[in-house]
Amino acid sequence: MAAESGEKWVLSVTAQTPTNIAVIKYWGKRDEELILPINDSISVTLDPGHLCTTTSVAVSPAFTHDRIWLNGKEVSLSGGRFQNCLREIRSRATDYEDEKRGIMITKKDWEKLRVHIVSYNNFPTAAGLASSAAGLACLVFSLAKLMNVKEDHSQLSAIARQGSGSACRSLYGGFVKWIMGKEDNGSDSIAVQLADENHWDDLVIIIAVVSSKQKETSSTSGMRDTVETSELIKHRAKEVVPKRIKEMEAAIAKRDFPSFARLACADSNQFHAVCLDTLPPIFYMNDTSHRIISCVEKWNRHEGSPQVAYTFDAGPNAVLISKDRKTAALLLQRLLFQFPPQSDADLNSYVIGDKTILKDAGIEDLKDIEALAPPTENASVQRCRGDVSYFICTKPGRGPIVLADESQSLINPETGLPK
Ligand SMILES: Nc1ncnc2c1ncn2[C@@H]1O[C@H](COP(=O)(O)OP(=O)(O)OP(=O)(O)O)[C@@H](O)[C@H]1O
Ligand SMILES: C[C@@](O)(CCOP(=O)(O)OP(=O)(O)O)CC(=O)O
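From a predicted model like this one, the values you see are computed outputs, not experimental measurements.

### Let's talk about the site of ligand 2
Right, so step 1: Within the structure, ligand 2 sits among 17 residues, and Tyr26, Lys29, Arg81, Ser164 and Ser166 are positioned closest to it.
Right, so step 2: Arg169 is positioned such that a nitrogen or oxygen atom in its side chain is 2.8 Å from an oxygen atom of ligand 2.
Right, so step 3: Within the side chain of Thr220, one N or O atom sits 2.8 Å away from an oxygen atom of ligand 2.
Right, so step 4: Expressed as a share of its isolated accessible area of 470 Å², the protein-covered part of ligand 2 is 94%.
Right, so step 5: At three residues, the largest contribution of residues to the shell around ligand 2 is made by helix H5 (residues 219–229).

This is how it looks when you write it as structure tokens:
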């Protein structure tokens, strides 16, 4: 066996994993430990070019315990969710051999070898941008590659699910369904891909990161309270979501934007309604979120058919899905009119991601924002300067990938510590 503690080698893998936004929401568990939901959910994977997690994982006989560094800082790995993911991956590890480097690791060795995990999110962590989804999916995916796990993405999704429910949907690109499953052990509670990211590539997504000083209720405790106290959630899980899931699958298959938008908006609103039906009530959206909904609703009504869908997770940030680029440029004009940046802002950091949308909207500098006219359907709308922190322009994107280029590793190949 080559995995002796006196040896120096460090074996590592680096992967990149996207985040996702649900258009039919997961809210409520039937099993807290295994993270089994009370309904199916559907999400869109976001382009990892703009929002993603990069994780490097390594093993070496020289490592003395499992460790994780998140965004440059060592954090505890002792949490039950991290431990469950590690245990599940280790139990599926298979023999690995690198003849050139003289490394041979047997299935038994993997149980004893300790791992170092170094992870970095290219967007704010714990800011309501689903960092836990991208982060836990990336942890599971990179460890599975390192430990030569043979399971497919759906089986890996059942492990990522135990890190954070929504993480299971980040194992695929495009449009993804998390099937709630029926088994008590969770083996059939997995994610499947409905369509890849090229299936509906007209869609453009604009995220409004809404300023919020408030401490939010975490999704985990919020949904626990909802299941314990809300009557409405029972109706939602039993009657409403199963029907919506079927309709949403059909809308995605047919690229039927009006149905897609109607369902996504209705489901986001019902999710926030069950939060309000919780005791004590949970408020995730704020006045700015409500103003954004109103802006989209007025515009959609004026046009006679949906141009844009909105959806909000457990926080005030708006995720706006436009039917095409032209609509996205018109949406950005409306958003920038209503939510201009502070006068000392830098346009480059106020609108990030795919900046070509900004160009299409005819905006090259801050003066162009000040010169914007109010939308015809909402001519008397007030400007709310500084209520949005920044906007991210993105699109549906691909699933996890391994980054084979050694220079992209976050781990020093000599020391096994963060670079
Ligand atoms: N790259 C990562 N690798 C491993 N774990 C991560 C990573 N990023 C985030 N996490 C875990 O997710 C936690 C943050 O999850 P939390 O649900 O609070 O925020 P969020 O996912 O950014 O927001 P929200 O769930 O409201 O969309 C972190 O404290 C950490 O435990
Ligand atoms: C509102 C949501 O974003 C809830 C996400 O909840 P989490 O996946 O963060 O919760 P845990 O499973 O407890 O980790 C809706 C969704 O993503 O479907």
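Next comes the rest of the account.
### Focus on the nonpolar core
Right, so step 1: In terms of nonpolar packing, the biggest core is built from 68 residues, with Ile207, Met248, Phe260, Leu320, Leu336, Val351 and Phe391 touching the most fellow members.
Right, so step 2: When residues of this core are assigned to domains, at least three map to each of domain 1 (11–197 + 399–408) and domain 2 (204–394).
Right, so step 3: In this structure, Leu336 is in contact with Tyr350, Val351, Leu358, Ile363, Ile369, Leu372, Arg383 and Phe391, ignoring residues within four places of it in sequence.

### Regarding the domain arrangement of the chain
Right, so step 1: Each domain of the chain was delimited in the assignment, giving domain 1 (11–197 + 399–408) and domain 2 (204–394).
Right, so step 2: Taken together, the 29 residues of domain 1 in the interface contact 41 residues of domain 2.
Right, so step 3: Where domain 1 abuts domain 2, roughly 2,800 Å² becomes buried across the two surfaces, and 71% of that area is made up of carbon and sulfur atoms.
Right, so step 4: Applying the counting criterion to the domain 1 and domain 2 interface returns three salt bridges.
Right, so step 5: Between Glu249 and Lys177 there is a salt bridge whose closest N-O contact spans 2.7 Å.
Right, so step 6: Viewed at the interface, domain 2 and domain 1 are joined by 10 residue pairs in polar contact (both at pLDDT 80 or more).
Right, so step 7: Those elements giving two or more residues to the side of domain 1 that touches domain 2 turn out to be strand S2 (20–24), strand S5 (41–45), strand S12 (175–178) and strand S13 (191–195).
Right, so step 8: The greatest single-element share of the side of domain 1 that touches domain 2, amounting to four residues, is contributed by S2.

Reading the values: the criteria
- Residues numbered from 1 in each chain as written.
- Chains lettered and ligands numbered in written order.
- Predicted model: local features only at pLDDT ≥ 70, side-chain atom pairs only at ≥ 80, totals over all residues.
- Heavy atoms only, no water.
- Near = heavy atom within 4 Å.
- Polar contact = N/O pair within 3.5 Å; in protein donor to acceptor, adjacent residues only side chain to side chain.
- Areas by Shrake-Rupley, 256 points an atom, 1.4 Å probe, with all protein chains shown as cover.
- Helix = DSSP H or I, 4+ residues; strand = E, 2+ residues; numbered from the N terminus.
- Core = buried A, V, L, I, M, F, W, Y, C linked by side-chain atoms within 4.5 Å.
- Buried < 20%, exposed > 50% of the residue type's maximum accessible area, 1.4 Å probe, protein only.
- Domains from an automatic or database assignment.
- Contact = heavy atoms within 4.5 Å.
- Buried area = accessible area lost by both parts, 1.4 Å probe.
- Salt bridge = Lys/Arg side-chain N within 4 Å of Asp/Glu carboxyl O.

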